[in-house]
Amino acid sequence: MSVVGTSTAPDGRDVRRTPAPRHGDRIETGLGIDPDQLPDGLVVADEHGRVICFNAAAARITALSAADALGQPLEKALPLEDLEGRRWWQLTDPYGGLAIRVRQPERNLLLPCGREVLVCARYVRTEPLGPVHRVIVSLRDTEARRRTERSHAELIATVAHELRSPLTSVKGFTATLLAKWARFTDDQKRLMLETVDADADRVTRLIAELLDISRIDSGRLEVRRQPVDIGAAVGRHIQAYVAAGQPADRFLLRIEQPLPALWADPDKVDQVLSNLLENAVRHGEGTVTIDVTPSASPREGEETGTSVTVSDEGPGIPEESMNRVFTRFWRGSKRGGTGLGLYIVKGIVEAHGGTITVGRASVGGAEFRFTLPVGAPAYLA
Ligand SMILES: Nc1ncnc2c1ncn2[C@@H]1O[C@H](COP(=O)(O)OP(=O)(O)OP(=O)(O)O)[C@@H](O)[C@H]1O
Ligand SMILES: [Mg+2]
């Protein structure tokens, strides 16, 4: 509950002594906004350093009730310490410090319970260089920021790990070859160089994927739209698999006509298809069925789109993992790759204004379905 206990003249000076704040009085923001509705903690102290406003978010963050905080000296209601354990109010001395000071920039401070909070403060003076009339403190929980920091740290650790294993093999084989070149037969040398070559490819691919991820995460993934025949694109991928030794009857492509003309980035659509087909072949089993159908556009206001469903007859994705398949580095089995494929697929589909879902195919395996809006440029509309 927030409270105010003083009234001020239009020029900002006090017209009467501050009465003890009463529980239940409202602070007037002039906008009809109750401080309890503010998402951040708000604590206001009067010219004597006593708390006159302690909103609901402040009570939640400090675990101190407004009733206990109101009327207390600021340093008691909000016993903040910096990371070296120094008392913050003594250190900054809002009422006695430099008269030109009007604010404290954002700081990471600690509450006695050890909880971290982001704090910034403003000193309101009735006139420039005059005494401090109000100290307004805002408090923000650091939990969400900590979580993103942790996820960045984890990302770096995982990336380092993923890069290290192929590089270890590149380094190991090249060092061995250089040191003992004459001792190996041509076939042995060829085998080692082939491994080095494959591992170098893996590093290159991983770096390309990481660049895609950073573009997706920062919203900089560029989509260069042009007409795309998605059925023909799927057909090309299937041909490539068959040429590489997969039996032709492993794939079933069904295209429902007529399809709306689709405008999309052909390279990116290829990336999506190649990831989904690779997953179906590598993680799934049996026949891989690809259905291309017209559908309602995922975008509001657009009527048509194109859906592509890739399903297989393998073990599928366990129900409890379905909401994790699109997160980066998640892989379900030992056979998995780096676990970036589906994260990038989702990023590309969404950059096109589309949607992607995962489910269970009627025949038992995994079923991935993405829908892209027609995406025709405005001049064709
Ligand atoms: N068709 C499928 N059937 C069963 N499991 C699948 C299928 N597709 C994906 N998965 C599971 O989802 C996980 C994540 O897939 P994703 O494509 O993101 O990564 P990956 O294939 O392991 O590696 P990458 O694609 O980066 O080389 C896989 O490791 C696999 O366990
Ligand atoms: Mg994959």
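Parameters at a glance
- Residues numbered from 1 in each chain as written.
- Chains lettered and ligands numbered in written order.
- Predicted model: local features only at pLDDT ≥ 70, side-chain atom pairs only at ≥ 80, totals over all residues.
- UniProt positions renumbered as here; feature names shortened; annotations may be inferred.
- Helix = DSSP H or I, 4+ residues; strand = E, 2+ residues; numbered from the N terminus.
- Rg over C-alpha atoms; globule rule 2.2 N^0.38 Å.
- Buried ≥ 20, exposed ≤ 12 C-beta atoms within 10 Å, placed from the backbone.
- Contact = placed C-beta atoms within 7 Å.
- Pairing = 2+ DSSP bridges.
- Axes fitted to C-alpha atoms, helices over the stretch in contact; angles between N-to-C directions.

The name an unreviewed UniProt entry assigns to the protein is histidine kinase, from the organism Streptomyces cellostaticus. Under the UniProt heading Subcellular location (unreviewed entry), the entry covering the protein gives this text: "Cell membrane". The record held by UniProt for the protein lists under Catalytic activity (unreviewed entry) the comment "ATP + protein L-histidine = ADP + protein N-phospho-L-histidine."

Asker: Which residues make up the overall build of the protein, and what values do they have?
Answerer: Of regular secondary structure, the protein possesses nine helices and twelve strands. The C-alpha atoms of the protein give a radius of gyration of 31 Å, which is well past the 21 Å a tight globule of 381 residues would have. Dimensions of the protein, computed from the C-alpha atoms along their principal axes, are close to 90 × 65 × 40 Å. Burial status across the protein gives 27% buried among its 381 residues. A separation of at least 24 residues holds for 58% of the contacts in the protein among residues at least 6 apart in sequence.

Asker: Let's hear about the sheet that holds strand β10 (residues 304-311): which residues, and what values?
Answerer: Taken together, the five strands give an open sheet; going across it, the order is β7-β9-β10-β12-β11, and neighbouring strands pair in mixed fashion. The open sheet has two edge strands, β7 (251-255) and β11 (355-360), and neither has a second partner. Averaged over neighbouring strand pairs, the angle between their axes works out to 20° when direction is ignored. Note: β10 against strand β12 (residues 366-373), seven bridges, orientation antiparallel. Looking at β12, one finds that valine 310 is bridged to phenylalanine 368. Sheet strands touched by helix α7 (residues 230-243): β7, β9 (288-296) and β10. Its angle to β7, the strand with the most contacts, is close to 170°. Of the strands in this sheet, β11 and β12 are in contact with helix α9 (residues 341-351), which crosses β11 at around 135°.

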